[in-house]
Amino acid sequence: MASSSIKSAYRAGFRDGAPFILVIIPFAMLFGVLATEAGLSVFETLSFSVVVIAGAAQFTALQLMGEQAPTLVVLASALAVNLRMAMYSASLTPHIGGAPLWQRALAAYFTVDQSYAVSITKFEETPAMTQQEKIAYFFGTVTPVCPLWWVFTLVGALIGEAIPASFALDFAVPITFLAIIAPALRTRAHVGAASAAAILSLMFFTVPYNLGVLLAGIGGMMVGARLEQAAEAKA
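As the structure is a computational prediction, the values presented were derived from the model and not from experiment.

**Q** Tell me about unusual backbone geometry, residues and numbers included.
**A** A positive phi angle is found at Ile 53, which is not glycine, with a value near 40°. Checked against the element boundaries, Ile 53 lands in the loop between helix H3 (42–52) and helix H4 (55–66).

Here is the structure:
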């Protein structure tokens, strides 16, 4: 019976993660194309996606490398973009923190925007799930996402300039993050943080090396925290 419920949880996770296939494929191909155009070899491009497996950080690093930014700036910017993973991990810990070490290690590697967004929503909506079911669900969400990220990074790196510009693969970048963020905007603090970050990113557009994005992120978090404090004070 337990085995059956775990398999059901895995299948549910796979089903809920599957819609991201529509954006992961062009997103990964775009990275592969741009990485090889920037001078990385096919092996380096694929290794980048396998080791880092974080699209936003990879695109940030790639753009800064293309602008000949100092190595320290590239590393700091990619790290700052990925700091959200620390928040993801803290949020997931109450749900899967008691799992065996090897499962937690794999979950840490496969914690990406898509797997987190789908999983945390499911866990909060279904508190009766056991820890084993939550782990199974989490890995179910990963299955249709991460392998395709690797495969189509390789495809993009191999075919490179053969992809017509009219395909406009870059549409996948904003669509991916809109699909992740929109369902999460549940409170005034969430909306305020997202709105402030968007406005500030436009205001800081001219800051060198895309550091304006980092400033916008910090500003958005400050606005969100302030609105959250105000909401708690009223409660």
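Next comes the rest of the write-up.
**Q** Outline the side chain of Gln 58, supporting the account with residue identities and numerical values.
**A** Position of Gln 58 among the secondary structure elements: in helix H4. Note on Gln 58: relative accessible area 0%, which makes it buried. In terms of polar contacts, Gln 58 uses its side chain to reach the side chain of Trp 149, at 3.5 Å. Among all residues touching Gln 58, those that are not within four sequence positions of it are Phe 31, Phe 48, Ser 49, Val 52, Ile 53 and Trp 149.

**Q** Describe the nonpolar core, naming the residues involved and giving the relevant values.
**A** Within the largest apolar cluster, 49 residues are counted, with the highest numbers of intra-cluster contacts made by Phe 31, Leu 92, Phe 110, Tyr 137, Phe 138, Cys 146 and Trp 149. Breaking this core down by element, the ones donating at least two residues are helix H1 (2–17), helix H2 (21–37), H4, helix H5 (71–81), helix H6 (84–96), helix H8 (113–125), helix H9 (131–142) and helix H10 (146–159). Counting residues per element, this core draws most heavily on H2, which supplies 8 residues. Every residue in contact with Cys 146, bar those within four places of it in the chain, is listed here: Ile 53, Phe 110 and Val 112.

**Q** Go over the packing of aromatic side chains, please, and point to the residues and values.
**A** One pass over the structure, following the stated rule, counts 10 aromatic pairs. Geometrically, the ring pair formed by Phe 27 and Trp 149 is edge-to-face, given 5.3 Å between the ring centres and 70° between the ring planes. Here the residue Phe 27 occupies a position in helix H2, and Trp 149 occupies one in helix H10, the gap between them amounting to 122 residues. The pair Phe 27 / Trp 149 is uniform in exposure class, with both members buried. One aromatic cluster is present, formed by Phe 27, Phe 31, Phe 48, Phe 59 and Trp 149 through successive ring pairs. Geometry around Phe 123 places Lys 134 over its ring, the cationic atom sitting 5.6 Å from the centre.

**Q** Could you give me a rundown of the environment of Thr 187, with the residues and numbers involved?
**A** With respect to the element layout, Thr 187 can be found in the loop between helix H11 (172–181) and helix H12 (188–203). Along the sequence, Thr 187 and Gly 224 sit 37 residues apart, while their C-alpha atoms lie 9.7 Å from each other.

**Q** Go over the packing of H6 against H9 with me, naming the residues and quoting the values.
**A** It is at 9 Å that the axes of H6 and H9 come closest, and there the two elements cross at 135°. Considering the angle they form, H6 stands oblique to H9. For the pair formed by H6 and H9, the contact residues are Leu 92, His 95 and Ile 96 on the first element and Gln 131, Lys 134, Ile 135 and Phe 138 on the second. Of the residues belonging to the contact of H6 with H9, the class tally is 4 nonpolar, 2 polar and 1 charged.

**Q** Please set out the environment of Ile 6 residue by residue, giving values where relevant.
**A** Along the polypeptide, Ile 6 turns up in helix H1. Along the backbone, Ile 6 and Ala 136 are 130 residues apart, and their C-alpha atoms lie at a distance of 6.0 Å. Once you skip the residues sitting within four places of it in the chain, Ile 6 turns out to touch Gln 132 and Ala 136.

**Q** Give a detailed account of the side chain of Thr 45, specifying residues and quantitative values.
**A** As for its placement among the helices and strands, Thr 45 is situated in helix H3. Judged by its relative accessible area of 0%, Thr 45 is buried. Here Thr 45 is in contact with Phe 31, Gly 32, Ala 35, Thr 36, Leu 40, Thr 153 and Ala 157, once residues within four sequence places are set aside.

Definitions and cut-offs
- Residues numbered from 1 in each chain as written.
- Predicted model: local features only at pLDDT ≥ 70, side-chain atom pairs only at ≥ 80, totals over all residues.
- Heavy atoms only, no water.
- Helix = DSSP H or I, 4+ residues; strand = E, 2+ residues; numbered from the N terminus.
- Buried < 20%, exposed > 50% of the residue type's maximum accessible area, 1.4 Å probe, protein only.
- Polar contact = N/O pair within 3.5 Å; in protein donor to acceptor, adjacent residues only side chain to side chain.
- Contact = heavy atoms within 4.5 Å.
- Core = buried A, V, L, I, M, F, W, Y, C linked by side-chain atoms within 4.5 Å.
- Phe/Tyr/Trp six-rings, centres within 6.5 Å; stacked < 30°, edge-to-face > 60°.
- Lys NZ or Arg CZ within 6 Å of the ring centre and 35° of its normal.
- Axes fitted to C-alpha atoms, helices over the stretch in contact; angles between N-to-C directions.
- Parallel < 35°, antiparallel > 145°, perpendicular 65-115°, else oblique.
- Nonpolar A, V, L, I, M, F, W, Y, C, P; charged D, E, K, R; others polar.

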